[in-house]
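Architecture and fold: a report
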Amino acid sequence: MNAHPTREEDFDLYALGALEGDEKQAIETHIAQCADCAHKLAAARGRMALLSLAAPRVEPSSAVKRRLLAQVRADTEGDVRIGTSPVNSRAMQSRVRGSGFFTGWRTAILVPALTVLVIATAWLWNQNRLLNIEVAHLGDMVKTQQRGLVAMRDAVDFMESHDTVTVALAPQPGQPQGAAHVMYNTKMGMLMYEGEIAPAPAAKSYELWVIPTDGKPINAGVFNPVTGRADHWMMKMPPGVAPRMFAVTLEPQGGMPQPTGPMILIGHA
Amino acid sequence: MERIAQRDQTALAALYDRYAGMLSSVLNRILRDTQAAEEILQDIFFQLWRNPSRFDAARGSLPGWLMVIARNRAISRLRHRNPAAGGELSEAAAVSTVNIETAAAQQQLIGRVKGALENLPAEQRAAIELAYFEGMSHSEIAQRTGDPLGTVKTRLRSAVESLKRALHAQAASNR
């Protein structure tokens, strides 16, 4: 250890920053090894610091305190963002570095969350597509049922109507046996056939005709009966037609525009 | 300081009210730049808020420690503007036993310090003000004033002895 400073004022001069070169180095070397002199230097610093009181009084603006307290509040809340000091800048830089969207714990949460979100979206999209198909199918069913209900209501109205006329069709000698009847309503313009007749020969079909009082026979349906099963259908008649009789003929398969074959069943209106 | 360590913002505000004027004065005297002085002033108190444990009450008074920090920060800023003038100053330990924790005590001590400086010969006062408020060394003062280095050293030493006597008397009267 080098020698203690010979004069007490050396500590004050060092505290002032006036010493330089060897004098300064000697003090620094000594106080690094001598606690007593280090304390003397600290006291000299405190003493010389009192010279600050000789400075002309300058009060800081009120904005300084306001900024300081805002800075303190932000620091307390863990978000230093106010102020202009280097400390603030460093804090801000630190926070900016740590604020990357896909960094650290956020990545650990966001990536699985986004994956789940994508899968859920795809599943929901497919569910929506299937539901739309089902809705369309149900819509078709509803329309079919509505049409059926309308047809049934029309049938009921047709059968209950006082204007509906029933005509029995009788088999003709030497022809396939069977029985049928036709109901018709000229006001409603509707006709219904129901009957049971022996199956048609090969390459042949039966064809129902409306024979009006005036004009050519009108095709009212081509059918091929199946053994043991009755045939029935409803159809609209051309408006203004007044039936004179109804007939079932045997025609080439698929029917003809006008009757060409033998009459199998006949009924007079 | 205990309340500040417990994150009491009102304690920091009270401490600021007590010492901000004193620190602002020396910062402005050294820097002659209000904006720079206010930046350092705010930073000193914010550092005190962030690291209250840096002040060791067993080693001296808080205002004395704050004045050392303020002066060192200001000289550091001053020398940063003029790198050829020297390096950074460190915030070394400082002990002050004088009582300036009340406004009345501050005013009393300010009067004593100003009186002690005014009682110095003009050359001594000028030399010590260049050293303290401008951070100049012996040779820098000699260069500034044009006086021989030995003369400057003698003036500064005499000034320091006179101030020590005056401030020792002040400290003794406050104990």
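Scroll up for the structure.
Residues numbered from 1 in each chain as written. Chains lettered and ligands numbered in written order. Predicted model: local features only at pLDDT ≥ 70, side-chain atom pairs only at ≥ 80, totals over all residues. Heavy atoms only, no water.

This paragraph deals with the overall build of chain A. What chain A contains, in helices and strands, is six helices and eight strands. Secondary structure elements in chain A, listed N-terminal to C-terminal, are α-α-α-α-α-α-β-β-β-β-β-β-β-β. With 269 residues in all, chain A has 34% of them scored as buried. Residue pairs in contact within chain A that sit at least 24 positions apart in sequence constitute 55% of those at least 6 positions apart. Surface exposure of chain A reaches about 15,800 Å², of which carbon and sulfur atoms provide 60%. (Helix = DSSP H or I, 4+ residues; strand = E, 2+ residues; numbered from the N terminus. Buried < 20%, exposed > 50% of the residue type's maximum accessible area, 1.4 Å probe, protein only. Contact = heavy atoms within 4.5 Å. Areas by Shrake-Rupley, 256 points an atom, 1.4 Å probe, with all protein chains shown as cover.)

Next up on the list: the pattern of salt bridges. Going through the model one piece at a time under the given rule, you end up with 19 salt bridges over all chains. Across the pair A:Asp10 and B:Arg157 runs a salt bridge, and its minimum N-O distance is 2.8 Å. Taken as a pair, A:Asp10 in helix H1 (residues 9-16) and B:Arg157 in helix H8 (residues 149-174) lie in two separate chains rather than in one. Each member of the pair, A:Asp10 as well as B:Arg157, is classed as buried. In this structure, B:Glu38 and A:Arg67 form a salt bridge, with 4.0 Å as the shortest nitrogen-oxygen distance. One end of the pair, B:Glu38, is in helix H3 (residues 34-50); the other, A:Arg67, is in helix H4 (residues 62-76), on a second chain. (Salt bridge = Lys/Arg side-chain N within 4 Å of Asp/Glu carboxyl O.)

Opposite the 50 residues of chain A that make contact, chain B presents 57 residues. Interface area, chain A with chain B, both sides summed: about 4,900 Å², of which 63% is carbon and sulfur. Along the contact surface separating chain A from chain B lie eight salt bridges. For B:Asp17, the salt bridge is made with A:Lys65, and the minimal N-O distance between the two is 2.8 Å. Here chain A and chain B share 18 residue pairs in polar contact (both at pLDDT 80 or more) between them. Those elements that place two or more of their residues in the side of chain A that touches chain B are H1, helix H3 (35-49), H4 and helix H5 (86-97) of chain A. Of the residues forming the side of chain A that touches chain B, the biggest block, 10 residues, is contributed by H4(A). For the side of chain A that touches chain B, the residue count by class is 23 nonpolar, 11 polar and 16 charged. (Buried area = accessible area lost by both parts, 1.4 Å probe. Polar contact = N/O pair within 3.5 Å; in protein donor to acceptor, adjacent residues only side chain to side chain. Nonpolar A, V, L, I, M, F, W, Y, C, P; charged D, E, K, R; others polar.)

A separate point is the sheet that holds strand E5 (residues 218-223) of chain A. Within a beta sheet, neighbouring strands are joined by backbone hydrogen bonds and run either parallel or antiparallel to one another. Residues and elements named next belong to chain A. Within the open sheet, the eight strands sit side by side as E5-E4-E7-E8-E1-E2-E3-E6. Their pairing is antiparallel. Each edge of the open sheet is held by one strand with a lone partner, namely E5 and strand E6 (231-236). On average, adjacent strands in this sheet sit at an angle of 20 degrees to one another, irrespective of strand direction. Bridge analysis of strand E4 (residues 204-212) against strand E7 (residues 243-252) gives nine bridges, and the strand direction is antiparallel. Its bridge partner lying in E7, Val 210 is registered against Phe 246. (Pairing = 2+ DSSP bridges. Axes fitted to C-alpha atoms, helices over the stretch in contact; angles between N-to-C directions.)

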